[in-house]
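Understanding the architecture of this molecule
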Amino acid sequence: MFVRTAYPTENPQRFRTVLRSLFWIICKPKFVVFVGPPGAGKGTIANELAAFLEIPTVSMGDLFRREQANGTAIGVLLSTLINEGKFAPDELTIGVLKKELLKFKYWRGGILDGFPRNINQAILLGTMLKEQGAALTIVIEFAVPEPDLLNRLAYRLTCSNKECGRTFHLKMLPPKVSGVCDHCQSKLYQRPDDAPAVVEARLATYRTQTAPLIAFYAKEGLLKTVRADNTTGKDTVLKAVISLF
Ligand SMILES: [Zn+2]
């Protein structure tokens with residue numbers, strides 16, 4: 001049987017990991033974590049900040065969907081868990097992120113949008129970065145009063161084009177043409193998880209699982225808070241975020 005020699009590319013991940021840690025000695029990466037309840041505008045600000053810092057955003061949701069679409073072992077496992085109504089174990093999640101961060105595009109850093117979601121993930125993330133010679137640069141908390149969040153999500157429209165994913169608000173930020181994305185002209189829709197009953201559940205999960213991260217990162221000296229309500233314009237929030245760098 002023909003056995004392909006694996007030598008030239010033997011464990012390319014390892015080679016790349018070493019190369020990257022050397023690169024990180026010279027050029028310190030920026031890793032940014034956004035913490036905030038659903039509807040706080042993290043996704044929108046993440047995209048704007050990514051353009052400003054010239055680093056990509058990382059969405060665990062997107063990474064999971066890609067594993068599933070590609071039918072990888074992890075993707076199959078994820079599908080099974082989701083069908084059983086379970087969440088991905090934190091170790092699996094961090095493994096997927098670790099693999100993704102090896103891509104060249106993240107060598108200068110990345111904005112983690114919606115991750116970590118609990119203390120255990122935060123600890124795993126810290127350990128993973130530390131092992132590779134990096135660390136979080138900053139954790140930005142988006143503090144928005146709950147009634148404002150509920151209002152935002154109830155009227156939120158999301159672009160159906162996954163590459164775009166921009167969001168609009170029927171009252172505060174309506175699209176120029178009703179039901180059509182200003183940016184890419186794709187159809188807008190209400191995400192199923194923006195339905196009121198689901199929003200309540202998401203907020204409850206945030207309060208119990210994710211909000212404790214705020215104290216956790218404050219203790220580590222990494223936390224900065226940006227406050228906004230529904231009278232605060234997006235540009236004001238973005239300016240406040242950019243001023244932290
Ligand atoms: Zn769009």
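The following refers to the structure shown. (Residues numbered from 1 in each chain as written. Predicted model: local features only at pLDDT ≥ 70, side-chain atom pairs only at ≥ 80, totals over all residues.)

Points about helix α5 (residues 90–101)
To keep things clear, this is the line we draw: Numbering of helices and strands runs from the N terminus; a helix is a DSSP stretch of H or I covering at least four residues, while a strand is a stretch of E covering at least two. Expected helix span is computed as 1.5 Å times (number of residues minus one). To sort residues by exposure, count the other C-beta atoms lying within 10 Å of each residue's C-beta; 20 or more gives buried, 12 or fewer gives exposed, and values between give partly exposed, all with C-beta atoms placed from the backbone. The arc under discussion is defined with respect to the helix axis, by the directions toward the C-beta atoms. C-beta atoms are first placed from the backbone for all residues, and any pair lying within 7 Å is then listed as a contact.
The end-to-end C-alpha distance of α5, which contains twelve residues, comes to 16 Å, matching closely the 16 Å that a straight helix rising 1.5 Å per residue would cover. Among all positions of α5, only T93, I94, L97 and L101 are buried. Seen from one end, α5 has its buried residues packed into an arc of 95°, which puts them on one side. The secondary structure elements touched by the buried residues of α5 are β2 (57–59), α3 (60–70), β3 (109–113) and α6 (119–131).

Describing the sheet that holds strand β8 (residues 223–227)
Let me state the cut-off plainly: By definition, two strands form a pair when at least two bridges between them are found by DSSP. Between the N-to-C directions of two axes lies an angle of 0 to 180 degrees, each axis being a line fitted to C-alpha atoms and, for a helix, fitted only over the stretch in contact.
The parallel open sheet is built from five strands, whose spatial order is β2-β3-β1-β4-β8. For this open sheet the edge positions go to β2 and β8, each flanked by a neighbour on one side alone. Averaged over all neighbouring strand pairs, the angle between strand axes comes to 25°, with direction disregarded. The pairing of strand β4 (residues 138–143) with β8 spans five bridges and is parallel. Its bridge partner lying in β8, E141 is registered against T225.

Some words on the nonpolar core
For soluble globular proteins, the rule of thumb is that nonpolar side chains tend to be buried together. Counted only if it meets this: Only buried residues count toward a nonpolar core: Ala, Val, Leu, Ile, Met, Phe, Trp, Tyr and Cys, linked into one set through C-beta atoms within 7 Å.
Of all hydrophobic cores here, the largest spans 35 residues; its most connected members are V32, F34, I111, L112, I140 and F142. In terms of residue count, the dominant contributor to this core is strand β1 (residues 30–35) (five residues). Residue contacts for F34: discarding those within four places in its chain leaves K42, A46, I111, L112, D113, I140 and F142. In this structure, C159, F168, C181 and L188 belong to the second largest nonpolar core, which totals five residues.

Thoughts on the packing of α3 against helix α4 (residues 73–83)
Under the convention used in this document: Roughly parallel means an angle under 35 degrees; roughly antiparallel means over 145; roughly perpendicular covers 65 to 115; every other angle is labelled oblique.
Relative to each other, α3 and α4 sit at 105°, their axes nearing to 7 Å. On the basis of their axis angle, the class for α3 and α4 is roughly perpendicular. The residues of α4 that touch α3, namely those facing F64, E67, Q68 and N70, are I74, G75, L78 and S79.

Brief notes about the sheet that holds strand β6 (residues 167–169)
With antiparallel pairing, three strands are arranged side by side in an open sheet as β6-β5-β7. Because the sheet does not close on itself, it has two edges, and the strands there are β6 and β7 (188–189). In terms of strand pairing, strand β5 (residues 156–159) meets β7 through two bridges, oriented antiparallel. Within the sheet, the bridge partner assigned to T158 lies in β7 and is Y189.

Quick notes on the pairing of β5
Where β5 meets β6, three bridges bridge the pair, whose relative direction is antiparallel. Residue pairing across strands places T158 opposite T167, the latter belonging to β6.

Points about the environment of T80
Looking at the secondary structure, you find T80 in helix α4. T80 sits in the exposed class, given 10 other C-beta atoms within 10 Å. Separated by 81 residues in sequence, T80 and N161 have C-alpha atoms that sit 26 Å apart.

Remarks on the pairing of β4
Put simply, side chains in a regular strand alternate between the two faces of the sheet. In the sheet, β1 pairs with β4 via four bridges, with the strands oriented parallel. When the bridges of β4 are listed, V32 appears paired with I138.

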